[in-house]
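Next come the chains, spelled out residue by residue.
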Amino acid sequence: MEVITSLDNKRIKNYAKLLNKKYRDQESMFLVEGEHLVIEAKKSGCLIEVIRCEDYELDFDVSTTIVTYEVIKKLSNT
């Protein structure tokens, strides 16, 4: 499985835009952080994709993107 390492990756840049409310409203998408919120998003049927670091295992039967810690930091609010 490929690991996204670049902060300049087009997908990562688009995900990072979701940190801005205007873009979240425009795209009708949002990011959630943490296992609990991912589980709740899955339960509600809103989970589209999981973005995770290589060393973290989480299987929700959805598309999974593996990234480096630096990429996670760019996408994180916390």
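Below: a short report on this structure. (Residues numbered from 1 in each chain as written. Predicted model: local features only at pLDDT ≥ 70, side-chain atom pairs only at ≥ 80, totals over all residues. Heavy atoms only, no water.)

### Some details on the pairing of strand S3 (residues 63–67)
Residues in a regular strand project their side chains so that they alternate between the two faces of the sheet. Worth spelling out the cut-off: One bridge is not enough; two strands pair if DSSP finds at least two bridges between them. Secondary structure follows DSSP: runs of H or I at least 4 residues long count as helices, runs of E at least 2 residues long count as strands, and numbering of each begins at the N terminus.
Where strand S1 (residues 3–4) lies against S3, 2 bridges are found, and the strand directions are parallel. Looking across to S3, one finds that isoleucine 4 is bridged to valine 67. The pairing of strand S2 (residues 49–53) with S3 spans 5 bridges and is parallel. Looking at S3, one finds that arginine 52 is bridged to isoleucine 66.

### What about the nonpolar core?
The condition is simple: Among the buried residues, those of types Ala, Val, Leu, Ile, Met, Phe, Trp, Tyr and Cys that are joined through side-chain atoms within 4.5 Å form a nonpolar core. Working definition: with a 1.4 Å probe on protein chains only, accessible area under 20% of the residue-type maximum means buried, over 50% means exposed, and in between means partly exposed.
Ile4, Ile12, Tyr15, Ala16, Leu18, Tyr23, Val67, Val71 and Leu75 form the largest nonpolar core, which has 9 residues in total. For this core, the secondary structure elements donating two or more residues are helix H1 (10–17) and helix H4 (69–75). Val38, Ala41, Val50 and Phe60 belong to the second-largest nonpolar core, a separate cluster that totals 5 residues.

### Quick look at the pattern of salt bridges
Quick note on the threshold: Salt bridges, as used here, are contacts in which a Lys or Arg side-chain nitrogen is within 4 Å of a carboxyl oxygen on Asp or Glu.
A full pass over the atoms with the stated rule returns 3 salt bridges. With a closest N to O distance of 2.7 Å, lysine 21 and aspartate 25 form a salt bridge. With lysine 21 and aspartate 25 both in helix H2 (residues 21–27), this residue pair falls 4 residues apart, about one helical turn. Using a relative accessible area of 48% as the deciding quantity, one classes aspartate 25 as partly exposed. Notably, a salt bridge pairs glutamate 40 with lysine 43, separated by 3.5 Å at the nearest N-O pair.

### Structural notes on the sheet that holds S2
Note the following rule: Should any heavy atoms of two residues lie within 4.5 Å, those residues are counted as being in contact. Where helices are involved, their axes are fitted lines through C-alpha atoms of the stretch in contact, as for all axes, and angles between N-to-C directions lie from 0 to 180°.
An order of S1-S3-S2 is seen for the 3 strands of this open sheet, with the pairing classed as parallel. The open sheet has two edge strands with one neighbour each: S1 and S2. Helix-sheet contacts for H1 involve S1, S2 and S3, and the interaxial angle to S2 is about 105°.

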